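Residues per chain, in single letters:
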Amino acid sequence: QVQLVESGGGLVQPGGSLRLSCAASGNIFSLYDMGWYRQAPGKQRDLVAAITSSGNTNYADSVQGRFTISRDNAKNTVYLQMNSLKPEDTAVYFCNAKASTLFFPLRVLAWWGQGTQVTVSS
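What counts and how
- Residues numbered from 1 in each chain as written.
- Predicted model: local features only at pLDDT ≥ 70, side-chain atom pairs only at ≥ 80, totals over all residues.
- Heavy atoms only, no water.
- Pairing = 2+ DSSP bridges.
- Helix = DSSP H or I, 4+ residues; strand = E, 2+ residues; numbered from the N terminus.
- Axes fitted to C-alpha atoms, helices over the stretch in contact; angles between N-to-C directions.
- Core = buried A, V, L, I, M, F, W, Y, C linked by side-chain atoms within 4.5 Å.
- Buried < 20%, exposed > 50% of the residue type's maximum accessible area, 1.4 Å probe, protein only.
- Phe/Tyr/Trp six-rings, centres within 6.5 Å; stacked < 30°, edge-to-face > 60°.
- Disulfide = S-S within 2.5 Å.
- Contact = heavy atoms within 4.5 Å.

> Tell me what's going on with the sheet that holds strand 1 (residues 2-7), and back it up with residues and numbers.
Taken in spatial order, the four strands make up an open sheet running 1-3-8-7, and their pairing is antiparallel. Two strands in the sheet have a free side with no partner beyond their single neighbour: strand 1 and strand 7 (67-72). If you compare each strand with its neighbour and ignore which way they point, the axes differ by 15° on average. Pairing between strand 1 and strand 3 (residues 18-26): six bridges, direction antiparallel. The residue bridging Ser7 from the neighbouring strand is Ser21, located in strand 3.

> Can you tell me about the nonpolar core, naming the residues and giving the values?
Trp36, Leu80, Met82 and Tyr93 are the most contacted members of the largest nonpolar core, which has 31 residues in total. Mapped onto this core, the elements with two or more residues apiece are strand 1, strand 3, strand 4 (28-39), strand 5 (46-51), strand 7, strand 8 (77-82), strand 9 (91-101) and strand 11 (116-120). No other element matches strand 9, which puts five residues into this core.

> Run through the packing of aromatic side chains, naming residues and quoting values.
Two aromatic rings, taken as a pair, are described by how far apart their centres are and by the angle between their planes. Taken as a whole and assessed by the stated rule, the structure comprises one aromatic pair. With a centroid separation of 5.0 Å and 65° between ring planes, the pair formed by Tyr37 and Trp112 is classed as edge-to-face. Of this pair, Tyr37 sits in strand 4 while Trp112 sits in strand 10 (residues 109-112), placing them 75 residues apart in sequence. Classification of Trp112 by relative accessible area gives partly exposed; the value is 36%.

> Before we move on, can you summarise unusual backbone geometry with the specific residues and values?
In this structure, Asn76 is a non-glycine residue whose phi angle is positive, near 50°. Mapped onto the fold, Asn76 is located in the loop between strand 7 and strand 8. Notably, Ser84 is not glycine yet its phi reads approximately 50°, a positive angle. Looking at where Ser84 falls in the secondary structure, it is placed in the loop between strand 8 and strand 9. You can call Ser84 partly exposed: its relative accessible area is 42%.

> Break down the state of the cysteines for me, citing the residues and quoting the values.
Evaluated as defined, the whole model comprises one disulfide. There is a disulfide in this structure between Cys22 and Cys95, and the S-S distance comes to 2.1 Å. Residues Cys22 and Cys95 share a disulfide whose torsion about the S-S bond is about -80°; that sign makes it left-handed. Highlighted residues: Cys22 in strand 3 and Cys95 in strand 9, separated in sequence by 73 residues.

> So what about the environment of Ala110? Which residues, and what values?
Along the chain, the position of Ala110 falls in strand 10. Residues Ala110 and Lys98 lie 12 residues apart in sequence; the distance between their C-alpha atoms is 4.5 Å. Beyond its immediate stretch of four places on either side in the chain, Ala110 contacts Asn96, Ala97 and Lys98.

Next comes the structure, spelled out in structure tokens:
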């Protein structure tokens, strides 16, 4: 199994910043793409940003230029720096990782964290 533990969410005023972290642990054989998704009440879960193991990144149009995704492969951790936050960024943010385990090293599965709430409000 692979566990993803998110941290860093909270309440912030419009224009403020937050930094989310997600640490992967467990019986990891290989860790591949990692990313952040978000889900607002009554809406589907959408991709916010993703990063490959070699550092290539991809962003949703709505966060391009405001959010930055990065990772520390030595720590199996992915980060999301969120700047210039807007009320429409309010959502539960979920960490996602594609990984294989020691028991099934050739089987790549998608793993999810429990989510962390981000609320942007004055």
